[in-house]
Amino acid sequence: MNRDVLRVAIENGYIEWQRHSLERMFERGISRDNVKEVLRKGEIIEDYPDDKPYSSALFLGWIDNGPIHVVTAIDPLTGWCFIITAYKPDLEHFESDHKTRRQK
(Lines give C-alpha, C1' and ligand atoms only; values in the text may rest on other atoms or scores of the structure.)
Protein backbone atom coordinates (compact mmCIF):
# COMPACT_ATOMS: atom_id res chain seq x y z
CA MET A 1 0.00 0.00 0.00
CA ASN A 2 1.47 3.29 -1.07
CA ARG A 3 1.00 5.62 1.92
CA ASP A 4 1.74 8.73 -0.17
CA VAL A 5 -1.06 7.94 -2.64
CA LEU A 6 -3.36 7.23 0.30
CA ARG A 7 -2.55 10.54 2.02
CA VAL A 8 -3.22 12.48 -1.19
CA ALA A 9 -6.54 10.65 -1.65
CA ILE A 10 -7.64 11.58 1.87
CA GLU A 11 -6.49 15.21 1.55
CA ASN A 12 -8.34 15.61 -1.77
CA GLY A 13 -11.47 13.76 -0.71
CA TYR A 14 -10.91 10.92 -3.16
CA ILE A 15 -12.62 8.44 -0.85
CA GLU A 16 -15.39 6.08 -1.84
CA TRP A 17 -17.29 4.80 1.17
CA GLN A 18 -18.65 1.35 0.41
CA ARG A 19 -22.23 0.88 1.58
CA HIS A 20 -21.21 -2.06 3.75
CA SER A 21 -18.55 0.04 5.48
CA LEU A 22 -20.96 2.88 6.23
CA GLU A 23 -23.55 0.49 7.65
CA ARG A 24 -20.98 -1.21 9.88
CA MET A 25 -19.41 2.08 10.96
CA PHE A 26 -22.82 3.39 12.01
CA GLU A 27 -23.56 0.19 13.96
CA ARG A 28 -20.15 0.36 15.66
CA GLY A 29 -20.11 4.08 16.44
CA ILE A 30 -17.15 4.81 14.16
CA SER A 31 -17.21 8.13 12.29
CA ARG A 32 -15.76 9.01 8.91
CA ASP A 33 -13.34 11.32 10.70
CA ASN A 34 -12.21 8.38 12.86
CA VAL A 35 -11.53 6.30 9.75
CA LYS A 36 -9.58 9.09 8.07
CA GLU A 37 -7.52 9.60 11.22
CA VAL A 38 -6.64 5.89 11.35
CA LEU A 39 -5.60 5.96 7.69
CA ARG A 40 -3.51 9.12 8.18
CA LYS A 41 -1.69 8.11 11.36
CA GLY A 42 -2.29 4.40 11.82
CA GLU A 43 -0.06 1.45 11.19
CA ILE A 44 -0.43 -1.10 8.42
CA ILE A 45 -0.64 -4.42 10.24
CA GLU A 46 -1.58 -6.62 7.28
CA ASP A 47 -0.98 -6.01 3.60
CA TYR A 48 -3.01 -7.78 0.89
CA PRO A 49 -1.15 -7.05 -2.37
CA ASP A 50 -3.01 -9.77 -4.30
CA ASP A 51 -6.54 -8.52 -3.52
CA LYS A 52 -8.65 -7.72 -6.56
CA PRO A 53 -9.47 -5.39 -8.15
CA TYR A 54 -6.98 -3.38 -6.02
CA SER A 55 -4.45 -4.26 -3.37
CA SER A 56 -5.66 -3.50 0.14
CA ALA A 57 -4.40 -3.26 3.70
CA LEU A 58 -5.56 -3.52 7.30
CA PHE A 59 -4.70 -0.49 9.43
CA LEU A 60 -4.62 -0.18 13.20
CA GLY A 61 -5.14 3.21 14.79
CA TRP A 62 -6.17 4.56 18.16
CA ILE A 63 -9.19 6.79 18.70
CA ASP A 64 -10.07 7.93 22.23
CA ASN A 65 -7.60 5.37 23.63
CA GLY A 66 -9.35 2.53 21.83
CA PRO A 67 -8.17 0.47 18.87
CA ILE A 68 -9.84 0.75 15.46
CA HIS A 69 -9.17 -1.42 12.43
CA VAL A 70 -9.80 -0.10 8.92
CA VAL A 71 -9.54 -2.10 5.71
CA THR A 72 -8.95 0.03 2.64
CA ALA A 73 -8.01 -0.46 -1.00
CA ILE A 74 -6.52 2.06 -3.35
CA ASP A 75 -6.56 2.40 -7.11
CA PRO A 76 -3.02 3.48 -7.99
CA LEU A 77 -4.09 4.77 -11.42
CA THR A 78 -6.88 7.11 -10.30
CA GLY A 79 -5.73 7.70 -6.73
CA TRP A 80 -9.14 6.81 -5.28
CA CYS A 81 -9.30 5.14 -1.86
CA PHE A 82 -12.07 2.62 -1.11
CA ILE A 83 -13.13 2.06 2.48
CA ILE A 84 -14.01 -1.63 2.80
CA THR A 85 -14.81 -1.83 6.52
CA ALA A 86 -13.97 -0.45 9.94
CA TYR A 87 -14.37 -2.13 13.30
CA LYS A 88 -13.13 -2.33 16.87
CA PRO A 89 -10.92 -5.41 17.14
CA ASP A 90 -11.81 -7.85 19.91
CA LEU A 91 -9.66 -10.19 21.96
CA GLU A 92 -11.47 -13.22 20.57
CA HIS A 93 -9.87 -12.63 17.17
CA PHE A 94 -6.74 -10.60 18.03
CA GLU A 95 -4.03 -10.72 20.69
CA SER A 96 -3.87 -7.89 23.24
CA ASP A 97 -1.61 -5.89 20.89
CA HIS A 98 -4.60 -5.72 18.50
CA LYS A 99 -2.16 -6.51 15.66
CA THR A 100 -1.68 -10.25 15.87
CA ARG A 101 -4.49 -12.58 14.86
CA ARG A 102 -5.22 -15.36 17.33
CA GLN A 103 -4.54 -18.85 16.09
CA LYS A 104 -7.64 -21.02 15.80
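Since we're looking at a predicted model, the values are computed, not measured.

**Some remarks on the packing of aromatic side chains**
No. 1: All chains considered together, the criterion is met by 2 aromatic pairs.
No. 2: Relative to Phe82, the ring of Tyr54 has its centre 5.4 Å away and its plane inclined at 5°; by these criteria the two rings are stacked. Highlighted residues: Tyr54 in the loop between β2 (43-48) and β3 (56-63) and Phe82 in strand β5 (residues 81-87), separated in sequence by 28 residues.
No. 3: You can call Tyr54 partly exposed: its relative accessible area is 26%.

**Structural notes on the sheet that holds strand β1 (residues 15-17)**
No. 1: The sheet built from 5 strands is open, its strands ordered β1-β5-β4-β3-β2 with mixed pairing. Two strands lie at the open edges of the sheet, namely β1 and β2, each paired on one side alone. Going from strand to strand, the sheet's axes swing by 30° on average, the running direction of each strand aside.
No. 2: Where strand β4 (residues 66-74) lies against β5, 6 bridges are found, and the strand directions are antiparallel.

**With respect to the nonpolar core**
No. 1: By size, the foremost hydrophobic cluster in this structure holds 19 residues, and its most contacted members are Leu6, Val35, Leu39, Val70, Cys81 and Ile83.
No. 2: With residues near it in sequence (within four places) discarded, Val35 still touches Trp17, Met25, Ile30, Val70, Ile83 and Ala86.
No. 3: Core analysis: the second largest hydrophobic core is formed by 6 residues, Ile45, Val71, Tyr87 and Phe94 among them.

About the thresholds
- Residues numbered from 1 in each chain as written.
- Predicted model: local features only at pLDDT ≥ 70, side-chain atom pairs only at ≥ 80, totals over all residues.
- Heavy atoms only, no water.
- Phe/Tyr/Trp six-rings, centres within 6.5 Å; stacked < 30°, edge-to-face > 60°.
- Helix = DSSP H or I, 4+ residues; strand = E, 2+ residues; numbered from the N terminus.
- Buried < 20%, exposed > 50% of the residue type's maximum accessible area, 1.4 Å probe, protein only.
- Pairing = 2+ DSSP bridges.
- Axes fitted to C-alpha atoms, helices over the stretch in contact; angles between N-to-C directions.
- Core = buried A, V, L, I, M, F, W, Y, C linked by side-chain atoms within 4.5 Å.
- Contact = heavy atoms within 4.5 Å.

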